[in-house]
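# Per-entry structural report
Here is how the chains run, residue by residue.
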Amino acid sequence: MSKFSEKILRGEVPADHEWAEHLIEAHKEAPSMTPNAFAPYRTAEGITSYELLARTLDGLAARPDATVLDLACGDGYLVPFILEHAGPRASVVGVDMSEGELAVARATRAREGVRFVNGRAQELPLADASIDAAVCHMAFMLMLPL
């Protein structure tokens, strides 16, 4: 059990870093938990939240050299949708703090122009002005500090 969970059970307030450690451990034990939880759900038109998010990138298709950041990318489930909407020649940088999730992403979503990097949203391991657009699926509410 994580320190975060132990403190919650004792009625104590965990520290921000304990929450981050809890998330890393949870995603190590159950990689792909987010798409497993959310991908089956669709709008009345049959569209997933992943597809809806990726559609916001449609304007990038005219820029074949565009680079898209997939923040808190997890297992990379969103990557094919990003490439479909940003254009097949777009580059994608997936950043996640969970090496467990990134291992799945590298094994299942690797292709030219796609790379996965370990890091936190609050301290992105990217050069300034190195991306053209950023997307984040179901993770902002988990980030401390936001």
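Our subject is the structure that appears above.
For the structure given in this document, a descriptive report is provided here. (Residues numbered from 1 in each chain as written. Predicted model: local features only at pLDDT ≥ 70, side-chain atom pairs only at ≥ 80, totals over all residues. Heavy atoms only, no water.)

### Some words on helix H5 (residues 79-86)
Turn by turn, an α-helix covers 3.6 residues, leaving residues three or four places apart pointing in a common direction. Among the eight residues that make up H5, six are buried, leaving the element largely enclosed by the rest of the structure. Among all positions of H5, only Val79, Phe81, Ile82, Leu83, His85 and Ala86 are buried. For H5, the elements touching its buried residues are helix H4 (49-55), strand E1 (67-71), strand E2 (91-96), strand E3 (114-118) and strand E4 (133-136). Remark: Gly87 follows H5 within two positions and exhibits a positive phi of approximately 110°. (Buried < 20%, exposed > 50% of the residue type's maximum accessible area, 1.4 Å probe, protein only. Helix = DSSP H or I, 4+ residues; strand = E, 2+ residues; numbered from the N terminus. Contact = heavy atoms within 4.5 Å.)

### Some points on unusual backbone geometry
Unusually for a residue other than glycine, Ser32 sits at a positive phi of about 75°. Mapped onto the fold, Ser32 is located in the loop between helix H2 (16-29) and helix H3 (33-38). At Ala129, a residue that is not glycine, the phi angle is positive and equals roughly 60°. Turning to its location among the elements, Ala129 is positioned in the loop between E3 and E4.

### Remarks on the pattern of salt bridges
All told, the structure shown has seven salt bridges when counted by the stated rule. As a salt-bridge pair, Glu18 and Lys7 come within 3.1 Å of each other at their nearest N and O atoms. A residue pair is termed long-range when its members are at least 10 positions apart, and Glu18 in helix H2 and Lys7 in helix H1 (residues 3-9) qualify at eleven residues. The salt bridge involving Asp65 is made with Arg63; its shortest N-O contact spans 3.8 Å. A single network of salt bridges, built from pairs that share partners, joins Arg63, Asp65 and Asp132. (Salt bridge = Lys/Arg side-chain N within 4 Å of Asp/Glu carboxyl O.)

### Examining a nonpolar patch on the surface
Side chains of Phe38, Met138 and Met141 sit close together on the surface and give an oily, nonpolar patch of about 280 Å² of accessible area. Its location among the elements puts Met138 in the segment after E4. Using a relative accessible area of 32% as the deciding quantity, one classes Met138 as partly exposed. (Patch = residues over 30% accessible without salt bridge, like charges linked within 9 Å, V, L, I, M, F, W, Y side chains within 5 Å. Areas by Shrake-Rupley, 256 points an atom, 1.4 Å probe, with all protein chains shown as cover.)

By themselves, these are just geometric observations and shouldn't be taken as functional.
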